Amino acid sequence: MMKKRIASLVLGTTLIVGGGQVLAAESEEVVSPDSELYETTRVMEEVEYELTEGTADKALLQDQFANERLIESELALEDGDVEKAEELLEEANESSDQAESYLEEALESEDESAEEVEKTLSESLEERTTKMRTLLEREDLPETAKIGISNALKHVESIVKRAEERLVLETKLASGELTEEEFESEMKGINETFKAEAKKNKAEAKALRKEIKNKRKASVKAVELEESEELADETEEESIELAEEAEERAEEESEEVLEREEEEKEEAEERAEKRAEKAREKALEREEKANEKAEKEREKAKEREEKAEEKRQQELEKAEEMREKELEKAAEREEKAREKAEKRNEKARKRAEEKREDDDEEDVDDLEDEADSEDVEDEQEDEEDED
C-alpha cells in the first residue's frame, strides 16, 4: 500500500515540475467577485466546510476552494481589479495549504480514501500550476499581479518540495531506517521550514509590490518636475516641440486605453448579448407554453360551450315536444267534450219531445232526474279521460 501511494504522489509531482505538459480540465463555473451573489456563495462555502467531518473530505473541499479562488482571480484581472486578484491568489495558497494538511492527517490515520484523495490533489495542483504559468504569459498583466502569481508558483514549488521530502522520509520509515518518533520530528521540521518560507515569500512579494508602487509614484513626480524645468529653461520653440511630443504620447496612451476599453466593452457586450439571447429564448419558450395553455383552455371552453348549447337545444326540443303533446291532448279532450255535449243535447231533445206528447208531468220529473244522472256519469267519464 505504501509503495502504491508513493508512486501516485511521485507521478503527480513530476507532472507539476515538468512544466504542465498535461492540459488542465475545463474549470467549473464560479460566481464573479463583482457579482451581488459572491458574498452569499462564500457564506455557503463556510457552512459546507463546517458540516464536513472527515479529514479526506475536508482536503477535497479545500482543494476545490483553491481552484475556485484561482478562477475568481482570473475574473478579477479581466475586470481590472488587480488588488482583488492578488487577495484571491493568497486565499488560493491558504486553501491549498489546508488541503495538504488535511491530506497528511488522512494518510496518518490510514483513511481508506486517502490514496484516491492524494491522487486528486496532485492532479488539481498540476492544473492550477498550468493556469498560473499561462497567466504569467499575458502581455497585459500588471507587474503587481505578476508578483502575486510568481509568489503563488513559489508556493506550489514549496509544496512539491515538501511532498518530495515527505516521500523520502516515508520510504525510510517503511524500510525501518527511521522510527515513528524520528519521522514525526523530521516532518515537524519540514513543516516549520515550509511555513517560514511561505511567510517569507509572502512578505517579500508584498514589499516588492510596495516598492514598485513607490517607484511608479516617484517616477511620475520626477517626470513632472523635469518637464516643468525644461519648460522654464528652454526656448519657446523647444517648449512647443516638447508639448507636441507630450501630446503625441498622450494621444498614443489614450488610443491604447481606448483600444483596451473598446475590447473590454466588446467582450462585455458579447457576454451581455449571450445572456440576453438566453433570456429571450427562455421568454419565448414561456410565451409558447403560455399560448399553448391558453389555446387548450379556449378549446376546452369552446367544447363546454358547444355541449351547453347542445344541451339547451335538446331541452328546447323536449319542451316543444311536450307542449305539442299537451296541445294534442287538450284538443282531443275538447273534441270528446263537444261530442258528449251533442249527444246529451240530442238525448234531451228526444226526451223532451216524448214528454210533450204524453203531457205527463210526473214523467217529465222522472226524465229530469234521469238526465241529471246521465250528466253525472258523463262527468265521471270526462275525469277518467283526463287521467
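Predicted model only: the values in this text are computed from it and were never measured. For every chain, the first residue of its written sequence is number 1, and the numbers climb from 1 along that sequence. Totals for whole chains, interfaces and linings use all residues, but because this is a predicted model, local features are given only for residues with pLDDT of at least 70 and pairs of side-chain atoms are given and counted only at 80 or more. Neither water nor hydrogens contribute to the side-chain values; these are computed over all heavy atoms in the structure.

**Student:** How would you explain the layout of surface pockets if you had to name every residue and give the values?
**Tutor:** Put plainly, a pocket is an open set of points on a 1 Å grid over the protein atoms alone with protein on both sides within 12 Å along at least five of seven lines, a cavity is a set where a 1.4 Å probe fits but cannot get out, and a lining residue has an atom within 4 Å of a point. Grid points are joined across faces, edges and corners, and a volume is the space filled by probe spheres set on the points. Of the voids in this model, the largest pocket is the one considered here, and its volume is about 1300 Å³. Counting residues per element, the ones that place at least two in the lining of the largest pocket are helix 3 (55-78) and helix 8 (236-358). With twelve residues, the top contributor of residues to the lining of the largest pocket is helix 8. Looking at the lining of the largest pocket residue by residue, the classes come out as ten nonpolar, three polar and 18 charged. For helices the rule is a DSSP run of H or I covering at least 4 residues; for strands it is a run of E covering at least 2, with both sets numbered from the N terminus onward. Just so you know the grouping, Ala, Val, Leu, Ile, Met, Phe, Trp, Tyr, Cys and Pro go in nonpolar, Asp, Glu, Lys and Arg go in charged, and all remaining residues, Gly too, go in polar.

**Student:** Describe a positive patch on the surface, and please don't skip the residues or the numbers.
**Tutor:** Residues form patches when they are more than 30% accessible in relative terms and have no salt bridge. Like charges link within 9 Å. Nonpolar side chains (Val, Leu, Ile, Met, Phe, Trp, Tyr) link within 5 Å. Accessibility throughout is a Shrake-Rupley quantity obtained with a 1.4 Å probe, and a residue counts as covered only by protein chains that appear here. A pairing counts as a salt bridge when a side-chain nitrogen of Lys or Arg comes within 4 Å of a carboxyl oxygen of Asp or Glu. In this tally, Lys and Arg are treated as positive and Asp and Glu as negative; His is ignored, and so are the chain termini. Charge placement uses NZ in Lys and CZ in Arg. For Asp and Glu, CG and CD serve respectively. A surface patch of positive charge is lined by Lys274, Lys278, Lys282 and Arg286. Looking at the secondary structure, you find Lys274 in helix 8. Only protein chains enter the accessibility calculation, which uses a 1.4 Å probe; a residue is then buried when its area is under 20% of its type maximum, exposed when over 50%, and partly exposed in between. Since its relative accessible area comes to 58%, Lys274 is described here as exposed.

**Student:** Could you give an account of the side chain of Ser32, with specific residues and numbers?
**Tutor:** Take Ser32: it is sitting in the loop between helix 1 (2-17) and helix 2 (38-51). Its relative accessible area of 19% is what places Ser32 among the buried residues. A distance of 2.5 Å separates a polar atom in the side chain of Ser32 from a polar atom in the side chain of Asp34. Contacts between residues were defined by any pair of non-hydrogen atoms, one from each residue, lying within 4.5 Å. Residues within four places of Ser32 in sequence aside, it is in contact with Tyr38, Leu75 and Asp79. Two N or O atoms form a polar contact when they lie within 3.5 Å of each other; inside protein one atom must be a possible hydrogen donor and the other a possible acceptor, and for residues adjacent in sequence the pair counts only when both atoms belong to side chains.

**Student:** Could you give an account of a nonpolar patch on the surface, with specific residues and numbers?
**Tutor:** Taken together, the side chains of Val43, Val47 and Leu51 define a hydrophobic patch exposed on the protein surface, amounting to about 300 Å² of accessible area. Tracing the backbone shows Val47 in helix 2. Note on Val47: relative accessible area 45%, which makes it partly exposed.

**Student:** A description of the confidence of the model for the chain should follow, citing residues and the corresponding values.
**Tutor:** The share of residues in the chain with pLDDT of 70 or more is 78%, and the mean pLDDT across the chain is 78. Mean pLDDT across the secondary structure elements of the chain bottoms out at helix 1, with 36, and peaks at helix 2, with 92. In the model, residues 1-28 has pLDDT below 50 throughout and makes 45 contacts with residues more than four positions away in sequence or in other chains. Confidence scores here are pLDDT values: one per residue, from the predictor, ranging 0 to 100.

**Student:** How would you summarise the packing of helix 3 against helix 5 (residues 114-136) if you had to cite specific residues and measurements?
**Tutor:** Packed helices, taken two at a time, are described by their axes: the angle between them and the distance between them. Interaxial angle, 0 to 180 degrees, is taken between N-to-C directions of lines fitted to C-alpha atoms, where a helix line uses only the stretch in contact. Two elements in contact, helix 3 and helix 5, have axes whose closest approach is 10 Å; the angle formed by their N-to-C orientations is 10°. Relative to helix 5, the element helix 3 is oriented roughly parallel. Contact residues: Ala56, Ala59, Leu60, Asp63, Ala66, Asn67, Leu70, Ile71, Glu74 and Leu77 in helix 3; Val117, Thr120, Leu121, Ser124, Arg128, Lys131, Met132 and Leu135 in helix 5. Its residues assigned to classes, the contact of helix 3 with helix 5 comprises eleven nonpolar, three polar and four charged. Angle categories are assigned with fixed cut-offs, so that under 35 degrees is roughly parallel, over 145 is roughly antiparallel, 65 to 115 is roughly perpendicular, and the rest are oblique.

**Student:** So, the environment of Val30: which residues are in play, and what are the values?
**Tutor:** Position of Val30 relative to the elements: it lies in the loop between helix 1 and helix 2. For the pair Val30 and Glu68, spaced 38 residues apart in sequence, the C-alpha to C-alpha distance is 6.7 Å.

**Student:** Summarise helix 2; cite the residues concerned and give the values.
**Tutor:** Under the 1.5 Å per step criterion, the end-to-end length of helix 2 is 20 Å for 14 residues, consistent within 8% with the ideal 20 Å. If you check which residues of helix 2 are buried, you get Tyr38, Glu45 and Tyr49. Seen end-on, helix 2 carries its buried residues on one side only, within an arc spanning 30°. In helix 2, the exposed positions angled more than 90 degrees off the buried face are occupied by Glu39, Met44, Glu50 and Leu51. Buried residues along helix 2 sit in contact with helix 3 and helix 4 (82-108). Given a helix with a known number of residues, its expected span is that number minus one, times 1.5 Å. What the arc measures is the spread of directions leading from the helix axis to the C-beta atoms.

**Student:** Outline the nonpolar core, listing residues and values.
**Tutor:** One finds Leu77, Leu125, Met132, Leu141, Ala145, Ile149 and Val156 to be the most contacted residues of the largest nonpolar core, which totals 20 residues. Listed by contribution, the elements that provide at least two residues to this core are helix 3, helix 4, helix 5 and helix 6 (143-175). Here the element with the most residues in this core is helix 6; it accounts for seven residues. Counting 13 residues, the second largest nonpolar core, distinct from the first, contains Leu61, Tyr102, Ala106 and Leu107. Here, nonpolar core refers to any group of buried Ala, Val, Leu, Ile, Met, Phe, Trp, Tyr and Cys residues whose side-chain atoms link them within 4.5 Å.

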